[in-house]
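Okay, here's what each chain looks like letter by letter:
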Amino acid sequence: MAYTIYETKVVILGCRPILEHDLFLRVFSNMFGYITVVAKGTRKATSKLRGNINEYTLATISVVKGKEMFRLTDAKQVFSFTQSRSVVSFFRAAEKLFFNHEEEFGLQTHEHIYQMLIRLAKLLVFIVNEDIACDRQDVQDFFTVFVRGEQGFLPKVNWGEGYTVDDFLKLDDVKMCTWLKINKEIIFELLRKDRERVG
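So, here is what we can say about the structure in this document.

Quick notes on the rules
- Residues numbered from 1 in each chain as written.
- Predicted model: local features only at pLDDT ≥ 70, side-chain atom pairs only at ≥ 80, totals over all residues.
- Heavy atoms only, no water.
- Helix = DSSP H or I, 4+ residues; strand = E, 2+ residues; numbered from the N terminus.
- Rg over C-alpha atoms; globule rule 2.2 N^0.38 Å.
- Buried < 20%, exposed > 50% of the residue type's maximum accessible area, 1.4 Å probe, protein only.
- Contact = heavy atoms within 4.5 Å.
- Areas by Shrake-Rupley, 256 points an atom, 1.4 Å probe, with all protein chains shown as cover.
- Pairing = 2+ DSSP bridges.
- Axes fitted to C-alpha atoms, helices over the stretch in contact; angles between N-to-C directions.
- Phe/Tyr/Trp six-rings, centres within 6.5 Å; stacked < 30°, edge-to-face > 60°.
- Salt bridge = Lys/Arg side-chain N within 4 Å of Asp/Glu carboxyl O.

Helix and strand counts for the chain come out as six helices and five strands. Taking 2.2 N^0.38 as the reference for a compact globule, 199 residues should give roughly 16 Å; the C-alpha atoms of the chain span a radius of gyration of 18 Å, in line with that estimate. For the chain, the spread of C-alpha atoms along the three principal axes comes to 50 × 35 × 35 Å. By the burial criterion, 49% of the 199 residues in the chain qualify as buried. Long-range pairs, those at least 24 residues apart, make up 59% of the contacts in the chain with a sequence separation of at least 6. Surface exposure of the chain reaches about 11300 Å², of which carbon and sulfur atoms provide 50%.

This part takes up the sheet that holds strand β5 (residues 70–80). Strand order in the closed barrel formed by five strands is β1-β2-β3-β5-β4, and the pairing between neighbours is mixed. Adjacent strand axes in the sheet meet at a mean angle of 45°, parallel and antiparallel pairs treated alike. Across nine bridges, the pairing between strand β4 (residues 57–65) and β5 is antiparallel. Note on β5: the bridge partner recorded for serine 62 is aspartate 74.

Inspection of the secondary structure puts histidine 112 in helix α2 (residues 107–130). C-alpha separation for the pair histidine 112 and valine 174, spaced 62 residues apart in sequence, amounts to 21 Å. When near neighbours in sequence (up to four residues on either side) are disregarded, histidine 112 contacts Phe146, Glu150, Val165 and Asp166.

Applying the stated criterion across every chain yields a total of 18 aromatic pairs. When the ring of phenylalanine 28 is compared with that of phenylalanine 98, the centres are 4.6 Å apart and the planes differ by 40°; the resulting orientation is tilted. Separated by 70 residues along the polypeptide, phenylalanine 28 in strand β2 (residues 22–29) and phenylalanine 98 in the loop between α1 (85–95) and α2 bring together distant segments of the chain. In this pair, the class of phenylalanine 28 matches that of phenylalanine 98, namely buried. What links up through ring pairs into an aromatic cluster is the set Phe28, Tyr34, Phe79, Phe81, Phe90, Phe91, Phe98 and Phe143.

The subject of this paragraph is unusual backbone geometry. The backbone of tyrosine 56 shows a phi angle near 60°, a positive value even though the residue is not glycine. Note that tyrosine 56 resides in the loop between β3 (33–39) and β4.

Opposite charge on two side chains lets them pair, provided their charged atoms get close. Within this structure, the stated rule accounts for eight salt bridges. For aspartate 138, the salt bridge goes to lysine 184, with nearest N and O atoms at 3.6 Å. Residue aspartate 138 is located in helix α3 (residues 136–151), and its partner lysine 184 is located in helix α6 (residues 184–198); the two are separated by 46 residues in the primary sequence. The partner of arginine 148 in a salt bridge is aspartate 194, and the shortest N-O contact between them spans 3.5 Å.

Next up, the structure:
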């Protein structure tokens, strides 16, 4: 039987040992959204993939799609955020926003959420390293509102007349912090509505 191998960019949000030599991965993919991946044999000392599968890292992986989950065939780590406590906390909170049936939201939604997840992680590193007056909680709140908008639970973020999410992603760190400050009250109100929705 022929299998289709998909190459996708991911943020690895969690790794859990299963059986003797395997790993169970939770990732957010720019192609499939939030998915689970079985990485067989990757805990063996001889595994070539072992060093490329770590929590809170960016990676490019190849997978085969099964009936219930994906199976890993290749992986290459691109960047690690494991040394940043702010980013690790951000990723942990972000994962709670995702659903196992993310595929239903469509490729464009996955790509936007994936890009935003990475962009805000880099912004958090900048905030900590430069010690600037930009509230890290504002970053988390904005991401929550953004994701809920992409998922259809809240209105999508209004970027301003003639602007798109792609324009926001291209802002430098200082301008992005300024945008978050200017729109803080709007974000807070949307966040309040989302909390009321979930009870």
